[in-house]
Amino acid sequence: MKKSPAPLLAWHFLLDSHEFNHGPFVKAAAGKTYHAKGPLVICSNGMHASRNILDALYYAPGACISRVEMSGPMVLSHDKLCARHRKVLWMADATRPLHDFTLWAAHRALEAERAAGGVPDPRSVSGLVCKQAWLDGQATFDELTEAHQIAYAVYSEIEQDSFANGYAGPSKYHFAATRATTRAAYTAALACSSFAYSCYSQYGSNDSPTEKAHQNAHLTQIIMGLAPAGYTETS
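1. Remarks on helix H7 (residues 209-224)
Over its 16 residues, H7 runs 22 Å from end to end, which matches the ideal 22 Å to within 8%, given 1.5 Å per residue. Within H7 the residues assigned to the buried category are Glu211, Gln215, Asn216, Leu219 and Ile223. What you see down the axis of H7 is that its buried residues fit within an arc of 130°, all on one side. In H7, the exposed residues that point more than 90 degrees away from the buried face are Pro209, Thr210 and Gln221. The elements touched by buried residues of H7 are strand S1 (8-14), helix H1 (53-58), strand S4 (64-76), strand S5 (81-93) and helix H2 (95-115).

2. A few points about the pairing of S5
Relative to S5, strand S2 (residues 33-35) is paired through three bridges, and the arrangement is antiparallel. Paired with Tyr34 across the strands is Arg86, a residue of S5. The pairing of strand S3 (residues 47-49) with S5 spans three bridges and is classified as antiparallel. Of the residues in S5, the one forming a bridge with His48 is Cys82. In this sheet, S5 lies alongside S4 in antiparallel orientation, the contact comprising 11 bridges. When the bridges of S5 are listed, Met74 appears paired with Ala83.

3. Some words on the pattern of salt bridges
It is possible for side chains of opposite charge to pair when their charged atoms get near one another. One pass over the structure, following the stated rule, counts seven salt bridges. With a shortest N-O distance of 2.8 Å, Asp100 and Arg96 are connected by a salt bridge. Highlighted residues: Asp100 and Arg96, both in helix H2, separated by four residues, approximately one helical turn. For the salt bridge of Glu111 with Arg114, the shortest nitrogen-to-oxygen distance reads 2.8 Å. Remark: Arg114 and Glu111 occur in helix H2; sequence separation between them is three residues, near one turn of the helix. On the basis of relative accessibility, which here comes to 39%, the residue Arg114 falls in the partly exposed class. What emerges from the salt-bridge pattern is a single network uniting Arg96, Asp100 and Asp136.

The rules behind each value
Residues numbered from 1 in each chain as written. Predicted model: local features only at pLDDT ≥ 70, side-chain atom pairs only at ≥ 80, totals over all residues. Heavy atoms only, no water. Helix = DSSP H or I, 4+ residues; strand = E, 2+ residues; numbered from the N terminus. Expected span 1.5 Å × (residues − 1). Buried < 20%, exposed > 50% of the residue type's maximum accessible area, 1.4 Å probe, protein only. Arc of directions from axis to C-beta. Contact = heavy atoms within 4.5 Å. Pairing = 2+ DSSP bridges. Salt bridge = Lys/Arg side-chain N within 4 Å of Asp/Glu carboxyl O.

In C-alpha cells form, the structure reads like this:
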C-alpha cells in the first residue's frame, strides 16, 4: 500500500462569509477537518490549497484567509495542490492587510520605474495617496472611486502607447516599468474587500521569480501577524 506524504501547511482563501467557494458549500470552522471523496483531480475534486500565499491569492474568492494542514493522498501542481483532507488551523479577515499589501507593491513599482530612469505619472502617484487617505479615513469612497478611474485611464494610455511602439526599442523597459506602476496604482485604488486576484497580479517592475519570492515573503509575514496568540509553526 502506497504511503501518504507527510502533512503540509498551506493557505486557502474563503468567501468573506467564511464559506467555501467550492464543495463542501459550508461555513468553515477553525479546528475542523474537511474531507474529499472520490479520485483527487486538480481543479476538479479534492481539498485545495497553495503552499505560497501569493498563489493562494490568485484563486481567492474573498479576503478571509485560512491557514490549513493538508494530509492524506495529494496531487501537486506548480501553484496549488489538492488532498484528501484539509484541516483549518485558524482563519482571519485579511481585508486591511491586503489593501496595505497592494499599496506596498505599488510603491515598489514606483521605485522600480525611477530606478529605470523613468518618472511615474503624477496621476498614478495621486491614486496611491488617495488610497492611503481612504484607508486612514481621510478620503471618501467617491474620492477613491474617482482616483481609481483616473489611475485606470493612465494605465490605458500607457498600454496604448506601448503597443503602438511594439513593446520594443530602447524604451522597452521604461514601458514595462510604467505599465507596472500604473497597473499597480490602478489596482491599489480598488475599494472592495474581495480584490485578491487583482493585487496578486502586481509584482512591481516585472514578473521575475525573485520579485515574486520577495512579495510572497512580505505578504506571508503580514498575514502571519493575524494568527491567534500563541500559535507557532515548526514546518
